[in-house]
Amino acid sequence: MRQLYRWSDTVTQEETLDFAPLEQILDRYEGQQSAVIPVLQQAQEAFGYLPRPVLETIGRRMKVPLSRIYGIVTFYSQFCLTRRGRHIICECNGTACHVRGAVKIINAVEKELGIRAGETTPDYEFTYEVVYCLGSCALAPVAVIDGQVVGHLNPERMVRIIRSLNEKNQQQEEVNA
Ligand code: FES
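A. Highlighting the overall build of the protein. Looking only at helices and strands, the protein features eight helices and four strands. Its helices and strands taken in sequence order, the protein reads α-α-α-α-α-β-α-α-β-β-β-α from the N to the C terminus. The burial tally for the protein puts 23% of its 177 residues in the buried class. Summarising the internal contacts of the protein: among those between residues at least 6 apart in sequence, 60% fall at separations of at least 24.

B. Just the sheet that holds strand S2 (residues 126-131), in detail. Strand order in the open sheet formed by four strands is S2-S1-S3-S4, with mixed pairing between adjacent strands. Here the strands that pair on one side only, and so sit at the sheet edges, are S2 and strand S4 (148-150). With direction set aside, neighbouring strand axes in the sheet form an average angle of 20 degrees. Direction of pairing for strand S1 (residues 87-92) relative to S2: parallel, over a ladder of six bridges. Note on S2: the bridge partner recorded for Glu 91 is Val 130. Packed on one face of the sheet, helix H7 (residues 102-113) meets S1 and S2 and runs near 155 degrees to S1.

C. Up close: unusual backbone geometry. Cis geometry is found at the peptide bond from Ala 140 to Pro 141, where omega equals -5 degrees. Turning to its location among the elements, Pro 141 is positioned in the loop between S2 and strand S3 (143-145). Unusually for a residue other than glycine, Asp 146 sits at a positive phi of about 50 degrees. Within the element layout of this structure, Asp 146 appears in the loop between S3 and S4. Classification of Asp 146 by C-beta neighbours within 10 Å gives partly exposed; the count is 14.

D. Representation of the domain arrangement of the protein in the model. Domain boundaries assigned for the protein yield domain 1 (13-75) and domain 2 (87-176). Inter-centroid distance (C-alpha atoms) of domain 1 to domain 2 is 30 Å.

E. Examining the environment of Glu 91 more closely. Its place among the elements puts Glu 91 in strand S1. Expressed as a C-alpha distance, the spacing of Glu 91 and Tyr 132, which sit 41 residues apart in the sequence, is 8.4 Å. Apart from residues no more than four positions distant in its own chain, Glu 91 is found in contact with Ala 102, Ile 105, Ile 106, Val 109, Val 130 and Ala 143.

F. Region of interest: the nonpolar core. Counting residues in each nonpolar core, the largest one holds 17 residues, and the members touching the most others are Ile 105, Val 109 and Val 142. Those elements that provide at least two residues to this core are S1, H7, S2 and helix H8 (155-176). With five residues, H7 is the single largest residue contributor to this core. Beyond its immediate stretch of four places on either side in the chain, Ile 105 contacts Glu 91, Pro 141, Leu 153, Asn 154, Pro 155 and Met 158. Ranked by size, the runner-up nonpolar core spans 14 residues in total, among them Leu 22, Ala 46, Val 54 and Val 73.

So, how was this worked out
Residues numbered from 1 in each chain as written. Predicted model: local features only at pLDDT ≥ 70, side-chain atom pairs only at ≥ 80, totals over all residues. Helix = DSSP H or I, 4+ residues; strand = E, 2+ residues; numbered from the N terminus. Buried ≥ 20, exposed ≤ 12 C-beta atoms within 10 Å, placed from the backbone. Contact = placed C-beta atoms within 7 Å. Pairing = 2+ DSSP bridges. Axes fitted to C-alpha atoms, helices over the stretch in contact; angles between N-to-C directions. Domains from an automatic or database assignment. Core = buried A, V, L, I, M, F, W, Y, C linked by C-beta atoms within 7 Å.

Here it is in structure tokens:
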């Protein structure tokens, strides 16, 4: 997924948004008011989330009231209104994972990242979420990390994964510098 802002930027999100890809998406759906959901999906894919200026632009171009757009994005859990991290870690604490030590993993991740479940690190590198059953109980304890199911976790392995993602981030930053 291509992100349209630099992860290391500390300036406000509005200052770094590039609206050109959004205009392209909207051009494709010109005059199709019923296509709000696919437009929102593609906008989220482009930006990683749906900031207010993006929603306002969609509403203006598609002639759909902002209130209706907000109604849609708050109804469907697939839409996200706040900026999330470059890496999304979704840890399971459902029954099967819980009895196999998920809480120790959660504690280790929170300590390693310095955030609580449901939060994003201040540098927007990681978003950490805890859910209740990912449907892969046979792999418990399990997490989905950047869309990949990772099973049979333990605290040490999870911390290693996070550190390796951090190293890759730093290497990427050096390449981009
Ligand atoms: S309880 Fe964790 S995947 Fe089902």
